[in-house]
Amino acid sequence: MTTTTDTHCPYCSLQCGMRLAAADGAETLVVERPGFPVNRGALCGKGRSAAALLDPASRLGTPLVRERGELRAATWDEALSRVARGFAAIRAEYGADAVGVFGGGGLTNEKAYQLGKFARVALGTANIDYNGRFCMSSAAAGNRIAFGLDRGLPFPLEDIPRTECLILVGSNPAETMPPALRYFRELRENGGTLIVVDPRRTRTAEQADLHLQPLPGSDLALALGLLHLLIADGTVDTGFIEARTTGFGQARAAAMAHWPERVERLTGIAADRLREVAHRFGRARTGMVLTARGPEQQSKGTDTVGAWINLCLASGKAGRLYSGYGCLTGQGNGQGGREHGQKADQLPGYRSIEDPAAREHVARVWGVDPDTLPRSGRSAYELLDSLGAPGEDGVHGLLLMGSNPAVSAPRAARVTQRLRSLDLLVVSDLVLSDTAQLADVVLPSAQWAEETGTMTSIEGRVILRQQAVDVPDGVRGDLWLMRELAERLGVGRGFHDDPETVFDELRRASAGGQADYAGISYDRIRAGDGVFWPCPAEDHPGTPRLFLDAFATPDGRARFAPVTHRPAAEEPDAAYPLYLTTGRVLAQYQSGAQTRRVEALNSAAPGPFVELHPLLARRLAVAEGELLAVTSRRGRAVAPARITDAIRTDTVFMPFHWPGAGRANTLTNPALDPTSKMPEFKVCAVRVEAAGAAVVPAGAARSGQGEPV
Ligand SMILES: Nc1nc2c(c(=O)[nH]1)N[C@H]1C(S)=C(S)[C@@H](COP(=O)(O)OP(=O)(O)OC[C@H]3O[C@@H](n4cnc5c(=O)[nH]c(N)nc54)[C@H](O)[C@@H]3O)O[C@H]1N2
Ligand SMILES: Nc1nc2c(c(=O)[nH]1)N[C@H]1C(S)=C(S)[C@@H](COP(=O)(O)OP(=O)(O)OC[C@H]3O[C@@H](n4cnc5c(=O)[nH]c(N)nc54)[C@H](O)[C@@H]3O)O[C@H]1N2
Ligand code: SF4
Ligand SMILES: [Mo]
């Protein structure tokens, strides 16, 4: 008998609805679920092939422990005892903060919430953070500064086709969320203008009315320059500024110092193009600016987001129907994962861990004394960088759940060395990821279709991923793992392995906070197509559109950010004359831990590459497919050349999905944004040369070419 279950994709934040068909003894199949409004049945190749990883042959089936240097199979009892003993010993020697926790934005709300609680209550450590710090932290910070609240999109995707002019900054949905392209296509069909800002002419940029191709790291100057032109053009909305904002004076002064010719020099975009964009955006009655990782993953990402928000505010394009600033989140639960306490400075409901009232509320739900809750801990890169540091400054034991930093963290060779220096590295994963290979204890986790849990999608819509198949033998869920470990650490009460029980507790913990889930229940989600937060009560309809009446600041007004241009932390010079920027390809997901194990995806995008312009290739005397050595101050990577005139002549691009010789993050700069602590993944300085006779580790020479999936 075949059973079908409606659920959602295991990968990105679009959380496309899909249906799984499972039958005894047969392969589980992904089939269309046309009813879910966000993707209306459409899936990208990753979603279509997602069931491949349910096959026990492609994933972990038993705990592993390291013995005499090698990982060997172990029972759950042996593995968990080793973890509990190890963490207890580290705490006894160095204090509670010496055990760290690193989570992920792909974890369900239930897992992320319980992980935050586990860190603060069972381990008593301040040091918990997660990979979302590498993802949306700059937009989160920018949103909170300007609007007093951080929900990536303050409106549903269905509003996009109804705006008149949309600027899409550093986002490539044609590869990173293909079913969402429909919204941009419909915008143009409705007569709207799509402007794309990207140093590469991506498949997304090809669909735009206008494509601006700035220097990596120059988005802040670009936004300031556009505001300058809006002011010069007389298209600022003074009525809106007066009624609904504060701080325009300073923002105006900063913009005035960014006249078009100066901005042309800083961005590489001709002044006339700037004028055209400013006219189109300024004169449109409604407009949106959407950013993704391009402008955000910079050491000035928060200010850059602030500058784009300033542009929206100055032209009255915020807090109104079909207008506003939004950030396109990335991971499956990039939104919910950042709301309920995985972040170093945060408690559930998007509360601050330093706020006495918040501590009191959450401590009451958790049944602990507020004074026992730790304060803010280290941000993701700072945490990874502190692993194994001598004595009490260091974190000596780490529980890692839902991330693969050996591939995805900046300056990854150093991070790998730090991970190796730990007394105890514990990794929960469904596969033996590159980081799990370094672990002392590996715990095989259930995933996606094997368990039920909520996710908060790109729109702020809380949806339910329902269990469709049984958990394989030997594998356990992360909620169970936390409960068992807590018990072994002597804090048995208050940890659950039933997701709905955990969600009900999350609702109470989030009640009254900004990300208020109190009125959301599994039954309500099942009865509709999800519920948008905030939703403070069961009879509250949820909130698809924010800020229409007031912003979430104390006075209800949006705040202009006082920002001015500054260069990237590392600009090209004589020794490292080119820009390197990094990003994604369609068929691979993140560190590739999952998608590299799916044949259909891996054959489409089998390995790393370096994208460079034909003029640069000629100057370097390299041909298509030839191995290039890319060197930065952090290290050297080797990958084949992919020559294309879609990229600037002064910039090379590498996707970051692979470990080994072609690992892009060997090169990247861990310079952090001072507010968000986002590393500068999108800009660093490199030297590029033919790898020639250089020793090339196995695997690096595979072609990067592949067919679209
Ligand atoms: N196929 C696939 N899809 C994914 C993912 C994946 O790994 N693979 N990951 C998911 C996640 S977690 C995320 S965060 C999203 C990310 O989604 P996106 O932000 O769309 O992805 P990126 O490729 O990182 O960056 C987008 C674009 O920024 C451009 N860019 C580089 N430097 C700059 C710059 O300085 N300024 C500007 N304006 N643009 C710049 C790049 O050329 C790139 O085309 O994708 C999600 N979807
Ligand atoms: N150079 C460069 N580096 C980047 C970026 C970039 O643009 N350029 N982008 C950054 C961004 S935006 C992101 S989001 C990060 C992402 O990078 P990572 O944090 O490494 O993300 P993933 O590769 O998705 O790793 C998730 C891991 O968790 C496992 N997993 C999945 N579901 C579960 C679960 O339910 N439980 C458990 N225990 N494990 C699970 C997967 O198998 C996988 O090994 O990379 C960042 N790094
Ligand atoms: S766009 Fe994202 S959510 Fe949709 S099928 Fe592809 S990876 Fe899955
Ligand atoms: Mo991300």
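Here is what the cut-offs are and how they apply
- Residues numbered from 1 in each chain as written.
- Chains lettered and ligands numbered in written order.
- Predicted model: local features only at pLDDT ≥ 70, side-chain atom pairs only at ≥ 80, totals over all residues.
- Heavy atoms only, no water.
- Pairing = 2+ DSSP bridges.
- Helix = DSSP H or I, 4+ residues; strand = E, 2+ residues; numbered from the N terminus.
- Near = heavy atom within 4 Å.
- Nonpolar A, V, L, I, M, F, W, Y, C, P; charged D, E, K, R; others polar.
- Phe/Tyr/Trp six-rings, centres within 6.5 Å; stacked < 30°, edge-to-face > 60°.
- Buried < 20%, exposed > 50% of the residue type's maximum accessible area, 1.4 Å probe, protein only.
- Lys NZ or Arg CZ within 6 Å of the ring centre and 35° of its normal.
- Salt bridge = Lys/Arg side-chain N within 4 Å of Asp/Glu carboxyl O.
- Contact = heavy atoms within 4.5 Å.
- Polar contact = N/O pair within 3.5 Å; in protein donor to acceptor, adjacent residues only side chain to side chain.
- Areas by Shrake-Rupley, 256 points an atom, 1.4 Å probe, with all protein chains shown as cover.
- Domains from an automatic or database assignment.
- Buried area = accessible area lost by both parts, 1.4 Å probe.

Looking at the pairing of strand 4 (residues 64-67)
- In the sheet, strand 4 pairs with strand 5 (residues 70-73) via four bridges, with the strands oriented antiparallel. Counterpart to Leu64 in the pairing with strand 5 is Ala73.
- Hairpin connection between strand 4 and strand 5: a loop of two residues separates the two successive antiparallel strands, and Arg68 in this loop has a positive phi of roughly 45 degrees.
- With two bridges connecting them, strand 4 and strand 18 (residues 441-444) associate as antiparallel partners. Across the sheet, Leu64 pairs through a bridge with Val442, a residue of strand 18.

A word on the site of ligand 3
- Surveying the vicinity of ligand 3 reveals the residues Cys9, Tyr11, Cys12, Gln15, Cys16, Leu43, Cys44, Lys46, Gly47, Met177 and Pro179.
- Classifying every residue of the shell around ligand 3 gives eight nonpolar, two polar and one charged.

What about the packing of aromatic side chains?
- Applying the stated criterion across every chain yields a total of 12 aromatic pairs.
- Aromatic pair Tyr11 and Tyr589: ring centres 5.1 Å apart, planes at 55 degrees, arrangement tilted. One end of the pair, Tyr11, is in the loop between strand 1 (2-8) and strand 2 (17-23); the other, Tyr589, is in the loop between strand 23 (578-583) and helix 21 (599-604), and 578 residues separate them in sequence. Of the two residues, Tyr11 and Tyr589, neither departs from the other in class, the shared state being buried.
- Considering the side-chain rings of Phe547 and Phe551, the 5.4 Å spacing of their centres and the 40 degrees angle between planes classify their relative orientation as tilted. Considered together, Phe547 and Phe551 belong to a single accessibility category, that of buried residues.
- Taken together, the aromatic side chains of Phe102, Phe134 and Phe681 make up a single cluster linked through ring pairs.
- Lying over the aromatic face of Phe653, Arg200 brings its terminal NZ or CZ to 3.6 Å of the ring centre.
- Above the plane of the ring of Phe281 lies Lys317, whose end atom (NZ or CZ) is 4.9 Å from the centre.

Some thoughts on the pattern of salt bridges
- Scanning the model with the defined rule gives 43 salt bridges in all.
- Salt-bridge contacts for Asp159 lead to Arg545; the nearest nitrogen and oxygen are separated by 2.8 Å. In this pair, Asp159 is assigned in the loop between helix 4 (137-147) and strand 8 (165-169) and Arg545 in the loop between strand 21 (531-532) and strand 22 (558-559), connecting sequence segments 386 residues apart.
- The buried category is assigned to Asp159, whose relative accessible area is 0%.
- Take Arg545: its relative accessible area is 27%, and that puts it in the partly exposed class.
- Between Glu175 and Arg203 there is a salt bridge; the shortest N-O distance is 3.9 Å. With Glu175 in helix 5 (residues 173-176) and Arg203 in the loop between strand 9 (193-197) and strand 10 (210-212), this pair connects stretches of sequence that are 28 residues apart.
- Among the residues examined, Arg203 registers a relative accessible area of 36% and is labelled partly exposed.
- Three or more residues joined by partner-sharing salt bridges are found here, namely Asp77, Arg483, Glu484, Arg488 and Asp497.

Describing the side chain of Ser137
- Take Ser137: it is sitting in helix 4.
- Once you skip the residues sitting within four places of it in the chain, Ser137 turns out to touch Gly132, Ser676 and Met678.

Quick look at the site of ligand 1
- Of all residues adjacent to ligand 1, which total 33 residues, the nearest are Asp198, Asp219, Arg584, Gln588 and Gln590.
- Side-chain polar atom of Asp198 to an oxygen atom of ligand 1: 2.7 Å apart, as the coordinates give it.
- Here a nitrogen atom of ligand 1 and a backbone polar atom of Val585 are 2.9 Å apart.
- Burial of ligand 1 by the surrounding chains reaches 99%, relative to a free accessible area of 910 Å².
- Within the residue set of the shell around ligand 1, elements represented by two or more residues are helix 5, helix 12 (293-296) and strand 23.
- Residues belonging to the shell around ligand 1 are distributed by class as follows: 10 nonpolar, 15 polar and eight charged.
- When we break the shell around ligand 1 down by domain, the ones giving at least three residues each are domain 3 (139-328) and domain 4 (578-690).

Some words on the domain arrangement of the chain
- Per the domain assignment, the segments of the chain are domain 1 (2-58), domain 2 (64-134 + 333-532), domain 3 (139-328) and domain 4 (578-690).
- Between the C-alpha centres of domain 1 and domain 3 the distance comes to 34 Å.
- Taken together, the contacts link 12 residues of domain 1 with 10 residues of domain 3.
- Note on domain 1 versus domain 3: buried area summed over both sides is about 710 Å², and carbon and sulfur give 62% of it.
- Ranking the residues of domain 1 by area buried against domain 3 places Leu14, Val38 and Arg40 at the top, with a combined share of 52%.
- Connecting domain 1 to domain 3 are zero salt bridges.
- Remark: the boundary between domain 1 and domain 3 carries three residue pairs in polar contact (both at pLDDT 80 or more).
- In terms of residue class, the side of domain 1 that touches domain 3 is built from eight nonpolar, two polar and two charged.

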